[in-house]
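Structural overview for review
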Amino acid sequence: MSLAPRIAFIIACLAPVTGMMSVERAAAQNAPITIQHAFGETVLPQAPKRVATVAWANQEVPLALGIVPVGMARAGFGDDDGDGIMPWVAEKLDALGADTPVLFDEGDGIDFEAVAATEPDVILAAYSGLSREDYDMLSKIAPVIAYPRQPWTTTWREMIQLNSAGLGLAAEGDALIAQMEAEIKTAAEAHPELAGKSAMFVTHLDPTDLSTVNFYTDNDARVQFFHDIGMASPQAVLDASTEGKYSGKISAERIDLFDDVDIVVTYGGAKLLESLKASALTARMPAVARESIVMLPNNPLGSGASPTPLAISWVLEDYTALLAEAVRKAQ
């Protein structure tokens, strides 16, 4: 079947699915593999041989386990050399002696035709923002491993658990998690000043309009990583973390809600810091006044602050050092 009829067939055959999350642990030899997620139950009759991934970083699970996807999403944010792959992914491909897989351009959403053209046996999307329609369309191409609860709230551990289970490699996924937890523990022990300090991750701010402060909640992987290294969330972030929301916002007129924040992590540079200190509202925030702020650039380090299976090891030392430097300004 050519691509155009295949996609027409996909659209014509959409069917609703329901369900909640759980993973039936299954080694490759113990097919079928059954995984439940936010959109229902996915069953694979056998361990897949051709793996495609969509959305941010899902390709890192099969790569970490020695499997090269037939296709994966092209990197956007933080791809400073413009080749469509992050440096930690490039390093892993080199280590595996593999060429770059087909890259799906998701600038305007998932490219269903491109995914179908790779003829996958499974599509990994445990960390993603798939809509119900996206999921149903992809499911007509191959079985899909979706997120466990809400869009973009999958932790890096859950990403590994779900995607590795979808590969028939749940035990190997558990071993990968243990290895990464050991690396994180070592990094945290190297910076004991981080323990117990409060941190919040502010989303991209516009230096010309600081009337609203947008931030990630405890349901976001970036904030969950703070907890991995022993840091805590301030009360305003905890209060906004209900109903599975991965982001929150407040008017800058209520900036006093962030008085208990020791450090802030955000994307930007010197110009943004100057604007924060010049604003009559944001300047009242203690973290701004003492400059206990980590300004992440639009490069791999900034991108790696969103923890993923291969990125964590790549940025861990530099990122925790930046967090520790900011904490020292708060003491």
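Residues numbered from 1 in each chain as written. Predicted model: local features only at pLDDT ≥ 70, side-chain atom pairs only at ≥ 80, totals over all residues. Heavy atoms only, no water.

1. Some details on the overall build of the protein chain
Scanning the protein chain from N- to C-terminus turns up 13 helices and 13 strands. What you see for the protein chain is a C-alpha radius of gyration of 21 Å, in line with the 20 Å of a compact globule of 331 residues. Principal-axis analysis of the C-alpha atoms places the extent of the protein chain at approximately 60 × 40 × 35 Å. A burial count over the protein chain gives 51% of its 331 residues as buried. In the protein chain, once contacts between residues fewer than 6 apart in sequence are set aside, the share between residues at least 24 apart is 67%. About 14000 Å² of surface is accessible on the protein chain, with carbon and sulfur atoms providing 51% of the total. Charge centroids of the protein chain, computed over 22 positive and 44 negative side chains, lie 4 Å from each other. (Helix = DSSP H or I, 4+ residues; strand = E, 2+ residues; numbered from the N terminus. Rg over C-alpha atoms; globule rule 2.2 N^0.38 Å. Buried < 20%, exposed > 50% of the residue type's maximum accessible area, 1.4 Å probe, protein only. Contact = heavy atoms within 4.5 Å. Areas by Shrake-Rupley, 256 points an atom, 1.4 Å probe, with all protein chains shown as cover. Lys, Arg positive; Asp, Glu negative; His and termini not counted. Charge placed at Lys NZ, Arg CZ, Asp CG, Glu CD.)

2. What about the packing of helix α7 (residues 170-189) against helix α13 (residues 311-329)?
Packing of α7 against α13 brings their axes to within 10 Å, and their N-to-C directions diverge by 10°. Put simply, α7 runs roughly parallel to α13. Where α7 crosses over α13, the handedness of that crossing is right-handed. Residues Met180, Glu183, Ile184 and Ala187 of α7 form the contact with α13, whose own contacting residues are Ile312, Ser313, Leu316 and Thr320. (Axes fitted to C-alpha atoms, helices over the stretch in contact; angles between N-to-C directions. Parallel < 35°, antiparallel > 145°, perpendicular 65-115°, else oblique. Left-handed = near helix turned anticlockwise from the far one by under 90°.)

3. Some points on the packing of aromatic side chains
The full count for this structure, using the stated rule, is 9 aromatic pairs. Seen in terms of ring centroids, phenylalanine 39 and tyrosine 135 are 4.9 Å apart; in terms of plane orientation they differ by 20°. Their pairing is stacked. In this pair, phenylalanine 39 sits in the loop between β2 (33-37) and β3 (40-44) while tyrosine 135 sits in helix α5 (residues 132-139), placing the two residues 96 residues apart along the sequence. For the residue pair phenylalanine 39 and tyrosine 135, the accessibility class agrees, reading buried in each case. For the ring pair tyrosine 127 and tryptophan 152, a centre distance of 5.1 Å and an interplane angle of 70° mean the geometry is edge-to-face. (Phe/Tyr/Trp six-rings, centres within 6.5 Å; stacked < 30°, edge-to-face > 60°.)

4. Comments concerning the nonpolar core
Core analysis: the largest hydrophobic core is formed by 47 residues, its most contacted members being Val89, Phe201, Phe226, Tyr319 and Leu323. Looking at this core element by element, the count peaks at 9 residues for α13. Phenylalanine 201 has contacts with Phe215, Tyr216, Arg222, Val223, Phe226, Val265, Thr266, Tyr267, Leu296, Ala305 and Tyr319, leaving out every residue within four places of it along the chain. Formed by 22 residues, the second largest nonpolar core is a distinct cluster that contains Met200, Ile250, Phe258 and Val288. (Core = buried A, V, L, I, M, F, W, Y, C linked by side-chain atoms within 4.5 Å.)

5. Let's talk about the side chain of glutamine 59
Of note, glutamine 59 is situated in the loop between β4 (51-53) and α2 (60-64). The residues contacting glutamine 59, other than those within four sequence positions of it, are Thr53, Pro69, Met72, Ala73 and Val89.

6. Some details on the packing of helix α3 (residues 87-95) against α13
When two helices pack together, their arrangement is captured by the angle between the axes and the distance separating the axes. Taken N-terminus to C-terminus, the directions of α3 and α13 make an angle of 130°; their axes are 8 Å apart at the nearest point. Judged by the inter-axis angle, α3 sits oblique to α13. Along this stretch, α3 crosses α13, giving a crossing that reads as right-handed. Of α13, the residues touching α3 (which contributes Pro87, Trp88 and Glu91) are Ala311, Trp314 and Val315. In terms of residue class, the contact of α3 with α13 is made up of 5 nonpolar, no polar and 1 charged. (Nonpolar A, V, L, I, M, F, W, Y, C, P; charged D, E, K, R; others polar.)

7. Observations concerning the sheet that holds strand β12 (residues 263-267)
Ordered by their spatial adjacency, 3 strands build an open sheet running β9-β12-β13, and the pairing between neighbours is parallel. Of all the strands in the sheet, the pair left with one neighbour each is β9 (199-201) and β13 (293-296). Strand-to-strand twist across the sheet, computed as the mean angle between neighbouring axes with direction ignored, equals 15°. As paired strands, β12 and β13 are joined by 4 bridges and run parallel to one another. Residue threonine 266 lies in a different strand from β13, and its bridge partner there is methionine 295. Sheet strands touched by α13: β9, β12 and β13. Its angle to β13, the strand with the most contacts, is close to 145°. (Pairing = 2+ DSSP bridges.)

8. A word on the pairing of β2
Most of β2 is tucked away: 4 of the 5 residues are buried. Both β2 and β3 contribute to a ladder of 5 bridges, which runs antiparallel. Bridge pairing links isoleucine 33 to leucine 44 in β3. Taken together, β2 and the strand that follows it, β3, pair antiparallel across an intervening segment of 2 residues.

9. Concerning the confidence of the model for the protein chain
Mean pLDDT over the protein chain stands at 90; residues scoring 70 or higher make up 91%. A low-confidence stretch, residues 1-29 stays under pLDDT 50, and its non-local contacts, those more than four residues away or across chains, total 64 contacts. (pLDDT = per-residue confidence, 0-100.)

10. With respect to α7
Look at α7: 29 Å from first C-alpha to last across 20 residues, which is about the 28 Å you get at 1.5 Å a residue. Taken residue by residue, α7 has Ala170, Gly173, Leu176, Ile177, Met180, Ile184, Ala187 and Ala188 as its buried positions. For α7, the angular spread of buried residues about the axis comes to 110°, placing them on one side. Looking at α7, the residues exposed on the side facing more than 90 degrees away from the buried face are Ala171, Lys185, Thr186 and Glu189. Close packing links the buried residues of α7 with α2, α6 (156-166), α8 (221-228) and α13. (Expected span 1.5 Å × (residues − 1). Arc of directions from axis to C-beta.)

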